[in-house]
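The primary structure of each chain is shown beneath.
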Amino acid sequence: LLQPNDPTPQVWNYFVECDDALHRIYRLPPLTVDKGHGIDIHTSSQWFIISREFAWYIANPPKNSLVDYLRDYMEHVVVADESFFGTVLRNTHFCSTLHNDNFLHIQF
């Protein structure tokens, strides 16, 4: 299963792309706002399959929800997808829908 990841503050940086390079602008503050306080950051694979319901939930999140907060917080983090989707999945009502059976994609 997805294990919580406790990223150090040095990992969470705000990056922008300019002149074909990533530039670190500043370190993001820890998750201390009410929406993000007390949640575990989960790192997941960049390869996954999600349900239509979960995709709809992420694309159309309720106002002031965890998804709204994390989307804004992780917008300029490097490889944010590996933390965003796993964190949302494990910290919402979709947690019970997780199936992690080490699926293998084979292409012939």
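Quick caveat, the model's predicted, so the values are computed rather than measured. (Residues numbered from 1 in each chain as written. Predicted model: local features only at pLDDT ≥ 70, side-chain atom pairs only at ≥ 80, totals over all residues. Heavy atoms only, no water.)

J.: Would you explain the overall build of the chain in this entry?
T.: Within the chain one finds 3 helices and 4 strands. Helices (α) and strands (β) of the chain occur, in sequence order from the N terminus, as β-β-β-β-α-α-α. Among the 108 residues that make up the chain, the fraction classed as buried is 31%. When contacts within the chain are restricted to residue pairs at least 6 apart in sequence, long-range pairs at least 24 apart make up 66% of them. (Helix = DSSP H or I, 4+ residues; strand = E, 2+ residues; numbered from the N terminus. Buried < 20%, exposed > 50% of the residue type's maximum accessible area, 1.4 Å probe, protein only. Contact = heavy atoms within 4.5 Å.)

J.: When you look at the pairing of strand 3 (residues 21-27) in this model, what are you seeing that I'm missing?
T.: A regular strand carries its side chains on alternate faces of the sheet. As judged from the 6 bridges shared by strand 2 (residues 13-18) and strand 3, these two strands associate in the antiparallel manner. Counted as the bridge partner of E17 is L22 from strand 3. (Pairing = 2+ DSSP bridges.)

J.: Hey, could you run me through helix 2 (residues 66-73) in this one?
T.: Each full turn of the α-helix corresponds to 3.6 residues, which orients residues three or four apart in the same direction. Burial runs high along helix 2: 6 of the 8 residues are buried. Buried within helix 2 we find L66, V67, D68, Y69, L70 and Y73. Contact partners of the buried residues in helix 2: helix 1 (52-59) and helix 3 (81-90).

J.: Would you mind showing me how to read a nonpolar patch on the surface here?
T.: On the surface, a cluster of nonpolar side chains totalling about 250 Å² of accessible area is made up of L22, V78 and V79. Residue classification places L22 among the exposed positions, given a relative accessible area of 51%. (Patch = residues over 30% accessible without salt bridge, like charges linked within 9 Å, V, L, I, M, F, W, Y side chains within 5 Å. Areas by Shrake-Rupley, 256 points an atom, 1.4 Å probe, with all protein chains shown as cover. Salt bridge = Lys/Arg side-chain N within 4 Å of Asp/Glu carboxyl O.)

J.: Help me out: how do you make sense of unusual backbone geometry in this one?
T.: Both trends apply: most residues other than glycine have a negative phi, and most peptide bonds are in trans. Unlike most non-glycine residues, D20 shows phi in positive territory, near 60°. Positive phi, normally seen in glycine, also occurs at N64, with a value near 60°. When you line up the elements, N64 lands in the loop between helix 1 and helix 2. Taking relative accessible area as the criterion, N64 reaches 58% and is therefore assigned exposed.

J.: Sorry if this is basic, but what is going on with the environment of H42 here?
T.: As for its position among the elements, H42 is in strand 4 (residues 41-42). Given the relative accessible area of 5%, H42 is considered buried. Once the C-alpha coordinates of H42 and N91 are considered, the two residues, 49 residues apart in sequence, prove to be 9.1 Å apart.

J.: Help me understand the nonpolar core, please; the structure alone is not making it clear to me.
T.: As a rule of thumb, nonpolar side chains are buried together in soluble globular proteins. Counting 19 residues, the largest nonpolar core has W12, L70, M74, F84 and V88 as its most contacted members. When residues of this core are traced back to their parent elements, those giving at least two are helix 1, helix 2 and helix 3. Considering each element in turn, this core owes the most residues, 5 residues, to helix 2. (Core = buried A, V, L, I, M, F, W, Y, C linked by side-chain atoms within 4.5 Å.)

J.: So what exactly am I meant to see when it comes to the side chain of S83 here?
T.: Positionally, S83 belongs in helix 3. Once you skip the residues sitting within four places of it in the chain, S83 turns out to touch W12, I41, H42, T43 and M74.

J.: Teacher, can you tell me more about the packing of helix 1 against helix 3 here?
T.: For any two helices packed against each other, the geometry comes down to the angle between their axes and how far apart the axes lie. The N-to-C vectors of helix 1 and helix 3 enclose an angle of 105°; their axes lie 12 Å apart at closest approach. With respect to helix 3, the element helix 1 is oriented roughly perpendicular. Packed against helix 1, whose contacting residues are F54, Y57 and I58, the element helix 3 presents F84, F85, V88 and L89 at the interface. Here the residues of the contact of helix 1 with helix 3 sort into 7 nonpolar, no polar and no charged. (Axes fitted to C-alpha atoms, helices over the stretch in contact; angles between N-to-C directions. Parallel < 35°, antiparallel > 145°, perpendicular 65-115°, else oblique. Nonpolar A, V, L, I, M, F, W, Y, C, P; charged D, E, K, R; others polar.)

The values are spatial; any link to function lies outside them.
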